[in-house]
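# Coordinate inspection notes
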Amino acid sequence: MNIQQLKGFPTAETGIEKGVSACFAGLIQGHLVMAGGCNFPERPAAEKGEKRYYKGIYATPVEGLDIKEWTKVGELPTSIAYGMSIVKGDTLYCIGGNNTESSLCSVSAITFKNGKATVTSLPPLPAKLDNHAGCAVGDSLIVLGGNWNGHASNRVLMLELSALDKGWQQLPDFPGIARVQPVCASHGNSFCLWGGSSPRTEAQDAQLGLEGWQFNFCSATWSPLPAPTDAAGESVFLGGGCATTLADGSIVAMGGVNKDVFLSAVNHPQPGYMTHPVEWYRFNRLVMQFKDGQWKTLGESEATARAGAALFTDSTHLYEIGGELKPGIRSTGIYKITLK
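Residues numbered from 1 in each chain as written. Predicted model: local features only at pLDDT ≥ 70, side-chain atom pairs only at ≥ 80, totals over all residues. Heavy atoms only, no water.

The chain goes by Cyclically-permuted mutarotase family protein in an unreviewed UniProt entry, where it is assigned to Prevotella sp. GTC17253.

## Some remarks on the overall build of the chain
The helix and strand inventory of the chain stands at 1 helix and 32 strands. Projected onto its principal axes, the C-alpha coordinates of the chain cover approximately 50 × 50 × 45 Å. For the chain, buried positions account for 55% of its 340 residues. The long-range fraction of contacts in the chain, counting pairs at least 24 apart against all pairs at least 6 apart in sequence, stands at 53%. Entry remark: accessible area of the chain is about 14,400 Å², with carbon and sulfur atoms responsible for 49%. Once the 27 positive and 30 negative side-chain charges of the chain are each reduced to a mean point, those two points are 3 Å apart. (Helix = DSSP H or I, 4+ residues; strand = E, 2+ residues; numbered from the N terminus. Buried < 20%, exposed > 50% of the residue type's maximum accessible area, 1.4 Å probe, protein only. Contact = heavy atoms within 4.5 Å. Areas by Shrake-Rupley, 256 points an atom, 1.4 Å probe, with all protein chains shown as cover. Lys, Arg positive; Asp, Glu negative; His and termini not counted. Charge placed at Lys NZ, Arg CZ, Asp CG, Glu CD.)

## Some remarks on the environment of Ala-309
Here Ala-309 lies in the loop between strand S27 (294-300) and strand S28 (310-313). For the pair Ala-309 and Leu-141, spaced 168 residues apart in sequence, the C-alpha separation works out to 20 Å.

## Quick word on helix H1 (residues 259-267)
For H1, the complete set of buried residues consists of Lys-259, Val-261, Ala-265 and Asn-267. On its buried side, H1 packs onto strand S21 (207-208). The backbone nitrogen of Asp-260 lies 3.0 Å from a side-chain oxygen of the residue at the head of H1, namely Asn-258. (Polar contact = N/O pair within 3.5 Å; in protein donor to acceptor, adjacent residues only side chain to side chain.)

## Quick word on the layout of surface pockets
In this structure, the second largest pocket spans a volume of roughly 390 Å³. Every residue lining the second largest pocket is counted, 20 residues in all, and those nearest its centre are Asn-258, Arg-282, Phe-283, Asn-284 and Arg-285. Looking at the lining of the second largest pocket residue by residue, the classes come out as 8 nonpolar, 3 polar and 9 charged. (1 Å grid on protein atoms, 1.4 Å probe; cavity = no way out; pocket = protein on both sides within 12 Å on 5 of 7 lines; lining within 4 Å. Points joined across faces, edges and corners; volume = space filled by probe spheres on them. Nonpolar A, V, L, I, M, F, W, Y, C, P; charged D, E, K, R; others polar.)

## With respect to the sheet that holds strand S15 (residues 147-148)
Strands pair in a sheet through their backbones, by hydrogen bonds, and they do so in one of two ways: parallel or antiparallel. With antiparallel pairing, 3 strands are arranged side by side in an open sheet as S12-S15-S16. Both outer strands of the open sheet, strand S12 (129-130) and strand S16 (151-152), are each paired with one neighbouring strand and no more. Two elements, S12 and S15, share 2 bridges in a ladder whose sense is antiparallel. Paired with Leu-129 across the bridge in S15 is Trp-148. (Pairing = 2+ DSSP bridges.)

## Overview of the packing of aromatic side chains
Two aromatic rings are characterised by how far apart their centres lie and by the angle between their planes. If you walk through the whole model with that rule in mind, you get 14 aromatic pairs. Summarising the aromatic geometry, the rings of Trp-194 and Phe-290 are spaced 5.0 Å apart at their centres and angled 65° between planes, so their arrangement reads as edge-to-face. Taken as a pair, Trp-194 in strand S20 (residues 190-198) and Phe-290 in strand S26 (residues 286-291) lie far apart in primary sequence, 96 residues in all. In this structure, Trp-194 and Phe-290 share a single accessibility class: buried. With a centroid separation of 5.3 Å and an interplanar angle of 85°, the aromatic rings of Phe-215 and Phe-217 are classed as edge-to-face. Owing to a relative accessible area of 25%, Phe-217 belongs among the partly exposed residues under this scheme. (Phe/Tyr/Trp six-rings, centres within 6.5 Å; stacked < 30°, edge-to-face > 60°.)

## Some points on the environment of His-31
Tracing the backbone shows His-31 in strand S3 (residues 31-35). Of the polar contacts made by the side chain of His-31, one reaches the backbone oxygen of Gln-29; its length is 2.8 Å.

## Focus on the pattern of salt bridges
Pairing between side chains of opposite charge can happen when their charged atoms approach one another. The full count for this structure, using the stated rule, is 10 salt bridges. For Lys-55, the salt bridge identified is with Glu-75, shortest N-O distance 3.9 Å. One end of the pair, Lys-55, is in the loop between strand S5 (52-53) and strand S6 (56-61); the other, Glu-75, is in strand S7 (residues 71-75), with 20 residues separating them in the sequence. Taking the relative accessible area as the measure of exposure, Glu-75 reaches 39% and is therefore partly exposed. A salt bridge links Glu-324 to Arg-330; the shortest N-O distance between them is 2.9 Å. Residue classification places Glu-324 among the buried residues on the basis of a relative accessible area of 14%. With a relative accessible area of 9%, Arg-330 lands in the buried category. Each member of the salt-bridge network shares a partner with another, and the members are Lys-55, Lys-72 and Glu-75. (Salt bridge = Lys/Arg side-chain N within 4 Å of Asp/Glu carboxyl O.)

## Brief notes about the sheet that holds strand S2 (residues 24-28)
Spatially, 4 strands are ordered S2-S3-S6-S7 in an open sheet, and the strand pairing comes out antiparallel. Each edge of the open sheet carries a strand with a single partner, namely S2 and S7. Strand-to-strand twist in this sheet, taken as the mean axis angle between neighbours without regard to direction, amounts to 25°. Looking at chain direction, S6 and S7 are connected through 4 bridges and run antiparallel. From the neighbouring strand, Ile-57 faces S7, where its bridge partner is Gly-74. (Axes fitted to C-alpha atoms, helices over the stretch in contact; angles between N-to-C directions.)

## What to know about unusual backbone geometry
Not every positive phi belongs to a glycine, and Lys-48 is a case in point at roughly 60°. Since its relative accessible area comes to 72%, Lys-48 is described here as exposed. Phi angles above zero are rare outside glycine, and Ala-220 is one such case at about 55°. With respect to the helices and strands, Ala-220 occurs in the loop between strand S22 (212-216) and strand S23 (221-225). Residue Ala-220 is classed as partly exposed on the basis of its relative accessible area of 41%.

Following this line, the structure appears as structure tokens:
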């Protein structure tokens with residue numbers, strides 16, 4: 001595995017140059033495209049800084065110099081982060097998300113031509129949705145989990161791009177706990193999910209989704225999948241991580257928070273949690289592949305130890321954009337990853 005950092009980051013919106021998490025991103029028309037995202041540009045979250053959301057759409061040629069010059073090519077209808085981006089053909093779909101005012105049910109399609117982005121509205125989601133996951137399967141967009149009108153959800157939705165008049169259709173809920181910030185990727189005529197967590201309530205502590213689930217369209221049923229594990233056989237939590245499908249149909253996943261640190265923080269909050277150094281949080285460093293029903297580790301790196309990063313592929317390389325190094329601290333890191 002080879003990881004190359006691509007220098008440069010958007011600067012057209014004040015504050016965005018400090019890096020963002022939870023942006024939309026993908027590869028269309030030979031360009032890396034990113035949009036939206038959020039950060040704490042003036043004061044860190046640990047110092048009660050104000051979170052800022054962005055709406056710019058930026059592009060840079062994927063080929064050429066390692067120092068990327070990002071050009072603002074358009075704007076989203078509103079400032080937004082924590083949605084789901086899916087690339088299908090030459091279109092980047094931006095689904096749901098939230099900002100300082102509200103969660104959103106909007107769905108936008110971004111196309112890029114002659115140096116400009118065109119944004120088209122698609123049928124809205126049936127509810128306000130944020131911190132969900134999704135992927136494309138065939139001609140359909142899939143989204144699942146996340147916060148549905150403010151509550152953790154097991155719901156799964158599908159939009160057929162060839163039949164937009166049908167709107168978003170509901171598929172069978174995935175089993176087990178509701179999951180906020182899971183990961184999802186297509187796998188042949190199916191899609192899979194791992195990670196995510198259900199929030200703490202007065203009735204019970206927060207719970208983690210370690211094992212996976214696979215939905216098969218032919219049978220319209222869910223079946224269990226193994227949790228990823230490290231070299232010591234310990235389960236790896238992918239909540240807040242990212243995943244994508246490679247050309248051979250296998251799935252690559254990386255990043256996410258450490259399950260023990262995260263559970264302790266949400267179930268037994270302690271003063272000063274936000275003030276520790278980056279290494280204390282032990283974000284997942286492993287780059288993992290799910291193939292033939294099994295997980296294996298391809299490598300590990302600090303560059304991939306992110307939460308809220310965007311991940312996509314051009315069938316030859318992986319690209320990882322942004323994310324956070326620790327709670328509240330964003331990254332300007334953009335990495336090109338070659339799997340060997």
